[in-house]
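Observations on chain architecture
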Amino acid sequence: MSASTYLPAGMPRPIPEPDGLDRPYWDGTRAGELRVQRCRACRGWQWGPEWICHRCLAFDLEWVTVAPRGRVYSWERAWHPVHPALKDHGPYIVVLVELPEAGGVRMLGNLLGDPRQEVQIGSAVEAVFEPHDEAAPPFTLVQWRMTP
Amino acid sequence: MTRERSIRGQVAVVGVGETTYYKHGRAPESEFALALQAILRACDDAGIDPRQVDGFASYSNDRNDPSRLAAALGLPELRFSNMQWGGGGGGGSAAVGNAAAAVAAGYADCVVVFRALAQGQFQRFGAAPPGGTVSGEAAFTFPYGLISPAQRFAMRVMRFMHDHGVRQEAQRAIALASYHHAQANPRAVMHGRPLTAEAYDASRWIVEPFRLFDCCMENDGAAALVLVSAERARDLRRPPAYLLGVAQGSEYRNAARGHNAPTYASSSFTTVAPHLWDMAGLGQKDVDVVQSYENFTGGVLMSLVEHGFFAPEEANDFLTPENLIAPSGRLPLNTSGGNLAECYMHGLELQIEAVRQLRGESCNQVPAARAALVISGPMVTPVSSMLLGTEAVR
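Residues numbered from 1 in each chain as written. Chains lettered and ligands numbered in written order. Predicted model: local features only at pLDDT ≥ 70, side-chain atom pairs only at ≥ 80, totals over all residues.

1. Some words on the environment of P28 of chain B
Rules: Each helix corresponds to a stretch of at least 4 residues labelled H or I by DSSP, and each strand to a stretch of at least 2 residues labelled E; elements are numbered beginning at the N terminus.
Summarising the element assignment, P28 of chain B is placed in the loop between β2 (22-23) and α1 (31-46). Residues P28 of chain B and E391 of chain B lie 363 residues apart in sequence; the distance between their C-alpha atoms is 39 Å.

2. Digging into the interface of chain A and chain B
Just so we agree on the cut-off: Remark: residues whose backbone-derived C-beta atoms lie within 7 Å of one another are considered to be in contact. Gly counts as polar in this scheme, as do all residues outside two lists: the nonpolar Ala, Val, Leu, Ile, Met, Phe, Trp, Tyr, Cys and Pro, and the charged Asp, Glu, Lys and Arg. Note: two strands are recorded as paired if DSSP finds a minimum of 2 bridges between them.
At the interface, 33 residues of chain A touch 35 residues of chain B. Going through the elements one at a time, β1 (13-14), β5 (69-78), β6 (92-99) and β7 (105-110) of chain A are the ones with two or more residues in the side of chain A that touches chain B. Class assignment for the residues of the side of chain A that touches chain B results in 21 nonpolar, seven polar and five charged. Summarising the sheet, β5 of chain A and strand β7 (residues 205-208) of chain B pair through two bridges and their orientation is antiparallel. Paired with A78 of chain A across the two strands is V207 of chain B, which belongs to β7 of chain B.

3. Observations regarding the sheet that holds strand β2 (residues 34-39) of chain A
All names here are of chain A. Heads up, the rule is: Only the stretch in contact is used when fitting a helix axis, every axis being a line fitted to C-alpha atoms; angles between N-to-C directions are given from 0 to 180 degrees.
The three strands are arranged β3-β2-β4 in an open sheet whose pairing can be described as antiparallel. Strand pairing shows two members of the sheet lacking a second neighbour, β3 (45-46) and β4 (61-66), which therefore form its edges. Bridge count between β2 and β4: six bridges; the pairing is antiparallel. Pairing of L34 across the sheet is with V66, part of β4. Its contacts with the sheet put helix α1 (residues 23-30) on β2 and β4, and the angle it makes with β2 is roughly 145°.

4. Details of the packing of helix α5 (residues 168-182) of chain B against helix α9 (residues 297-306) of chain B
Residues and elements named next belong to chain B. Defined as follows: Between 65 and 115 degrees an angle is taken as roughly perpendicular, under 35 as roughly parallel, over 145 as roughly antiparallel, and anywhere else as oblique.
Running from N to C, α5 and α9 point in directions that differ by 100°, and their axes come no closer than 9 Å. In terms of orientation, α5 lies roughly perpendicular with respect to α9. Touching A170, Q171, I174 and A175 of α5 are T297, G298, V300 and L301, all from α9. Tallied by class, residues from the contact of α5 with α9 come to five nonpolar, three polar and no charged.

Take it as geometry only, folks, not as evidence of what the structure does.
As structure tokens, then:
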């Protein structure tokens, strides 16, 4: 287990989709950037990744680096280990974070810090990039922590 | 009835069948044999020779292929085979609707809706699938330990409870009602295992806001229903349960990836339920008993709200054990014990319980039940629900 990651080693590792749709997101996290899609035609924000703009139906989505901060839209504290890597690990927190500066799209991640902490919907959080350099292929997860 | 096109009253459930319901991994037969047994029992219940079956409908990628079923049963011909898209139990009522549509349209005359599960022989729902890498939607969830159905849906319920001040006791009441009903049901896996409020409160968290007893079981078994036209139903030996309405689907961008559904704190029924009521030409006050799929109690809670039984702010007052228990409750709920306490037959046991109520044969009978609502698979997409009724409300 690496002390530099929130969850233990051995969790499922993300790889970009074979069709390339979400590769710019994963390339962005490696570079310490949080990227989401935005339509060049109607300027609407979009997440998760898709080939077409759901508003105006243009196939003209660009990847925009957005401010790595948001607020907690919802959360959960998981106790039951459903993956072998989580056996005997104890509770952990997953948050759904709304990004007001990117049209309110939502991002997932773990909430860093005490896994038994009180969580309030609406709390301000900021992104923390969690590299997994030793993985094959390497990847970086976006995690969240309470804004000091 | 004002709709130009409707299936209302045209098709009926005339036979139901179930295997013994087993604990997860305990079925002595193969999943396919279980499916055959349930189908044969449903035909026997209807008084129909199994060789008269000419179609099959199922959901959630059931592994038991209709062509193999037709071959095994020696059917003279197969005229309809249908799989409802989507996972979980969301297709339970849709599969009945699809089968009924085939009968009404003349594609087939006698269609069986079935579901068979022997998870011990395959991959379990509540555990992570094997494999070291994930892509697509799972790449944004699995690395964070957001993997199982309970984990996938807990944040929807958490947000709903936050928005409307819903307390844990509202979820608890749903669990207590199911366990209460199961104690009178000898078929139930949890028969003889009563649940108290104290035991619920002391149970471990699976993922907040779901405790152990907020989560469905996983079981082995099979269930089946036989559908024929209303005209033919009248000549058969059991009282027909007429399909009065059925609807399936989900709201705007429900499946937007990474938990980006605009209507997030929802059971996915906000657009579906109004279509059901419209087709049935009945309202909430006409419903005598409800069977509502419990993957998790919070999903039942939101389903009942979205089907119009109470406002979100009324959930704490409405959802009490007294209100949900047959025969005296305001809205008897999951009167066989359902997915929590009878058997997790992916909800199809709920369809059968609705038929039983209309025949007056439930272990927890609601007096003179004439209309029974079934709600299938909240929080997934597509979801579905249906209303069955007796001749009196057809």
